[in-house]
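If you want the building blocks of each chain, they are given just below.
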Amino acid sequence: MEYLMTYGWAILVIAVVLGALFGLGVFNGGAVLGSGCVAQPGYLCQQPRLGANGTLFVNIGQVGQQKITITSIGCSSTASEPTLFSNLRPSLIVLSSQIAQGTPFQCPLVSNSIGASFTGTLWIQYTTSQYPGVTIPAEIGTVSTKVSMLGPGIMLSSTVSSSSSTSLSSSTSTIAPLVVMLSAPAPYATSGNTIVLSAYLSEGGAGAPYTLTWTGSVEGTLTSIASDCPTTSSLTIWTCTIAAPSVLSPTPDTYTVGVNDVDDTFASNSVTVEIDPAPLLLASGQGNPQDIAIDGSNVYWTNPGTSPNTGTVAYVPIGGGNVVVLANGQGEPLPISVEGGDVYWADVSGVSSLDYVAISCGLSCTPTVLAYGAGLAMTTDSGNVYWAPFQEDADIVSIPLIGGNILPLATSQNVPLSIAVDGSNAYWSDVVGDNITTAPLSGSGPTTVLASNLPSPGFIAIDGSNVYWTMPSAGTVDTVPKIGGSVTVLASGQEGPEGIAVEGGNIYWADRDAGTIDTMPVGGGNVVVLASGQNGPYGIAVDGSNVYWTNYNDGTIWQVAK
């Protein structure tokens, strides 16, 4: 006890529930019989509640004063570290202040029947200010609970632990803390969707008249939303549905509810929701745009055109502006890459050449031909261009960015479709050979098949540890370690996944048939739709802030915040 009084509790509230909890009384401590959480030394965990889909709601905290930043959280049905962690968005810093933002995370259920028992361990992954680049896993507690009825929707929860009133009447002095909940679809609201606010009294108060005051900060401007929400009720649950702003920015919106009894405001609280901006149209009127690339200033793409020799290579500033054509009269330019002030592409028609032009030139420069026999598989790094013809018995080769000797990296590959490189190796997909293969960039090593017997693997992307690819025919997004191992299906049930990119611990892909731009953590988790209603999304690129893609069917280029 002396230790706790000296250092105090640093309590972090991660509140994740799915759907409206109407009539369940889950905020009553006796609502879930047999529930509890036993914390490991140095941590706190309380009041676990588990939904039928495996989503866990639990309060966790830390003992002591060392600041940690929680990057992800996971749940295991055994005492071992879980294989699946849910990335927090944003990461949560644990010090001494209460934090009221959360994220859903899953527990592996044996049975999803209401009332079924579950026992497992809770884990977090965190970093410290002393070693910000090192992610540390830690088991924080053992949870025992039962499956309850939690409906659809993502909810963030915030609690008030003390009254803001200086004098409370006896009729309200025993009221437990007010809990404010906020839900947003899938899981962040976009323009045209609605936001659901629900206020709950966790104990007592039924039958007594209460007045609610609702306010919202829409894009930083405090706005009363009382006209859209009930203001008086004798129930313990109030729900308010409002429209998301029609014009959105990355600024989070904050909504506050205060509860009055007859005379006194006895509790109030606020909750902040991140509302993702709607997609931004960068360019239209393009000729069936396909592959896409970015640098710090511009978005580049290839237009194969709608008739022979009408293909172009073009760019537009990030955020929008005038479209600049770098090359026209091309046969069928498809893959594209940007490196060192130059744009590289493969024109796969006719003699199929590998070309480049300086970005600063525009149409005043004639593109330079680096080599012939290029295909769909093409990429660059700071020194070389890597490519292969789109044919059976194809060689994977490289050439310096400014031209020179061609270096074979691998021979006799079966129709390479997509290629990616890191500092040491090249990785590619064989759409006919049904393999994901790698070979050293030096050209002196053997090829290694990382995954085989795949049903026509599509485009690929890499990060420091893994190779990721889409499989349109199977409707999946898969991964395998760079050093080899088992193939993991990260996302299934996709309609037509095509272009793929990796950035910041997440993968992004364009589902051409579903018309969506999707994302999920590289380690697995829920698929989040960043944009829907797209007309044939195909190529995709990602930077630290945005996702960019081409719509093949309607000739448009788009951007949306991550």
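Residues numbered from 1 in each chain as written. Predicted model: local features only at pLDDT ≥ 70, side-chain atom pairs only at ≥ 80, totals over all residues. Heavy atoms only, no water.

Draft legend 1. Geometry of the overall build of the protein chain. Assigned secondary structure in the protein chain consists of one helix and 45 strands. By the burial criterion, 52% of the 562 residues in the protein chain qualify as buried. Within the protein chain, contacts between residues at least 6 apart in sequence are counted, and of these 50% link residues at least 24 apart. Carbon together with sulfur atoms contributes 51% to the accessible area of the protein chain, which is approximately 22900 Å² in total. (Helix = DSSP H or I, 4+ residues; strand = E, 2+ residues; numbered from the N terminus. Buried < 20%, exposed > 50% of the residue type's maximum accessible area, 1.4 Å probe, protein only. Contact = heavy atoms within 4.5 Å. Areas by Shrake-Rupley, 256 points an atom, 1.4 Å probe, with all protein chains shown as cover.)

Draft legend 2. Structural view of unusual backbone geometry. One non-glycine residue, Asn288, lies in positive phi territory at about 55°. With respect to the helices, strands and loops of the structure, Asn288 is situated in the loop between strand 18 (280–283) and strand 19 (292–294). The backbone of Asn453 shows a phi angle near 55°, a positive value even though the residue is not glycine. Relative to the helices and strands, Asn453 resides in the loop between strand 34 (448–451) and strand 35 (460–462). Residue classification places Asn453 among the exposed positions, given a relative accessible area of 72%.

Draft legend 3. The arrangement of a nonpolar patch on the surface in detail. A cluster of nonpolar side chains, namely Val323, Val325 and Leu363, defines an oily patch on the protein surface of about 210 Å² accessible area. Mapped onto the elements, Val325 comes out in strand 22 (residues 324–330). Under the relative-accessibility criterion, Val325 is labelled partly exposed at 30%. (Patch = residues over 30% accessible without salt bridge, like charges linked within 9 Å, V, L, I, M, F, W, Y side chains within 5 Å. Salt bridge = Lys/Arg side-chain N within 4 Å of Asp/Glu carboxyl O.)

Draft legend 4. View of the sheet that holds strand 25 (residues 353–358). The four strands are arranged 23-24-25-26 in an open sheet whose pairing can be described as antiparallel. Looking at strand neighbours, the two that pair on one side only are strand 23 (333–339) and strand 26 (368–372), the edges of this open sheet. Pairs of neighbouring strands in the sheet enclose a mean axial angle of 20°, with direction left out of account. Across four bridges, the pairing between strand 25 and strand 26 is antiparallel. Paired with Tyr356 across the two strands is Thr368, which belongs to strand 26. (Pairing = 2+ DSSP bridges. Axes fitted to C-alpha atoms, helices over the stretch in contact; angles between N-to-C directions.)

Draft legend 5. Molecular detail of the sheet that holds strand 32 (residues 425–430). If you walk across this open sheet you meet the four strands as 31-32-33-34, and the pairing is antiparallel. Each edge of the open sheet carries a strand with a single partner, namely strand 31 (416–421) and strand 34. Mean inter-strand twist for the sheet, computed between neighbouring axes without regard to direction, equals 25°.

Draft legend 6. Looking closely at the pattern of salt bridges. Summed over the entire model, instances satisfying the criterion amount to two salt bridges. A salt bridge links Asp422 to Lys482; the shortest N-O distance between them is 2.8 Å. Taken together, the residues span a long stretch of sequence, with Asp422 in the loop between strand 31 and strand 32 and Lys482 in the loop between strand 37 (476–481) and strand 38 (488–491) at a distance of 60 residues. The partner of Glu503 in a salt bridge is Lys562, with the nearest N and O atoms 2.2 Å apart. Pair noted here: Glu503 is in strand 39 (residues 497–503) and Lys562 is in the segment after strand 45 (556–561), with a separation of 59 residues, a long-range link.

Draft legend 7. Summary view of the nonpolar core. With 21 residues, the main nonpolar core has Ile60, Leu122, Ile124 and Tyr126 as its most contacted residues. Those elements that provide at least two residues to this core are strand 3 (43–51), strand 4 (56–63), strand 5 (68–76), strand 7 (117–128) and strand 8 (136–148). (Core = buried A, V, L, I, M, F, W, Y, C linked by side-chain atoms within 4.5 Å.)

Draft legend 8. Representation of the side chain of Asn551 within the structure. With respect to the helices, strands and loops of the structure, Asn551 is situated in strand 44 (residues 546–551). Here the side chain of Asn551 touches Trp549 through a polar contact of 3.4 Å, side chain to side chain. If we skip the residues at most four places from it in the chain, Asn551 touches Pro289, Gln534, Asn535, Gly536, Pro537, Thr556 and Trp558. (Polar contact = N/O pair within 3.5 Å; in protein donor to acceptor, adjacent residues only side chain to side chain.)

Draft legend 9. Expanded view of the state of the cysteines. This structure, assessed with the given rule, holds three disulfides. Covalent S-S linkage joins Cys37 and Cys45, the inter-sulfur distance amounting to 2.0 Å. Taking the sign of the torsion about the S-S bond as the criterion, the disulfide between Cys37 and Cys45, at about -95°, is left-handed. The partner cysteine of Cys75 in its disulfide is Cys107, sulfur to sulfur 2.1 Å. Because the torsion about its S-S bond is 100°, the bridge between Cys75 and Cys107 counts as right-handed. In this pair, Cys75 sits in strand 5 while Cys107 sits in the loop between strand 6 (85–94) and strand 7, placing the two residues 32 residues apart along the sequence. (Disulfide = S-S within 2.5 Å.)

Draft legend 10. Quick look at the environment of Ala420. Note on placement: Ala420 falls in strand 31. Taking the C-alpha atoms as reference points, Ala420 and Thr379, 41 residues apart in sequence, are found 6.4 Å from one another. Beyond its immediate sequence surroundings of up to four residues, Ala420 is in contact with Thr379, Asn425, Ala426, Tyr427, Ile460 and Ile462.

Draft legend 11. Broad picture of the packing of aromatic side chains. Taken as a whole and judged by the stated rule, the model has four aromatic pairs. When the ring of Phe459 is compared with that of Tyr538, the centres are 5.7 Å apart and the planes differ by 85°; the resulting orientation is edge-to-face. Of this pair, Phe459 sits in the loop between strand 34 and strand 35 while Tyr538 sits in strand 43 (residues 537–542), placing them 79 residues apart in sequence. Of note, Arg512 hangs over the ring of Tyr552, and the distance from its end group to the ring centre comes to 4.9 Å. (Phe/Tyr/Trp six-rings, centres within 6.5 Å; stacked < 30°, edge-to-face > 60°. Lys NZ or Arg CZ within 6 Å of the ring centre and 35° of its normal.)

Draft legend 12. Up close: the pairing of strand 40 (residues 506–511). In terms of burial, strand 40 is a largely internal element, six of the six residues being buried. Covered by surrounding structure in strand 40 are Asn506, Tyr508 and Ala510 together with Ile507, Trp509 and Asp511, the residues of both alternating faces. Of the strand pairs in this sheet, strand 39 and strand 40 are connected by five bridges, and their pairing is antiparallel. Its bridge partner lying in strand 40, Ile500 is registered against Trp509. The antiparallel pairing of strand 39 with strand 40 creates a hairpin that spans two residues between the two strands, and Gly504 there sits at a positive phi of about 60°. Here strand 40 pairs with strand 41 (residues 516–521) via six bridges, running antiparallel. If you follow Asp511 over to strand 41, its bridge partner there is Thr516. The antiparallel pairing of strand 40 with strand 41 creates a hairpin that spans four residues between the two strands, and Gly515 there sits at a positive phi of about 70°.

Draft legend 13. The side chain of Thr516, seen in detail. Structurally, Thr516 is set in strand 41. Only 3.0 Å separates the side chain of Thr516 from the side chain of Asp518, close enough to count as a polar contact.

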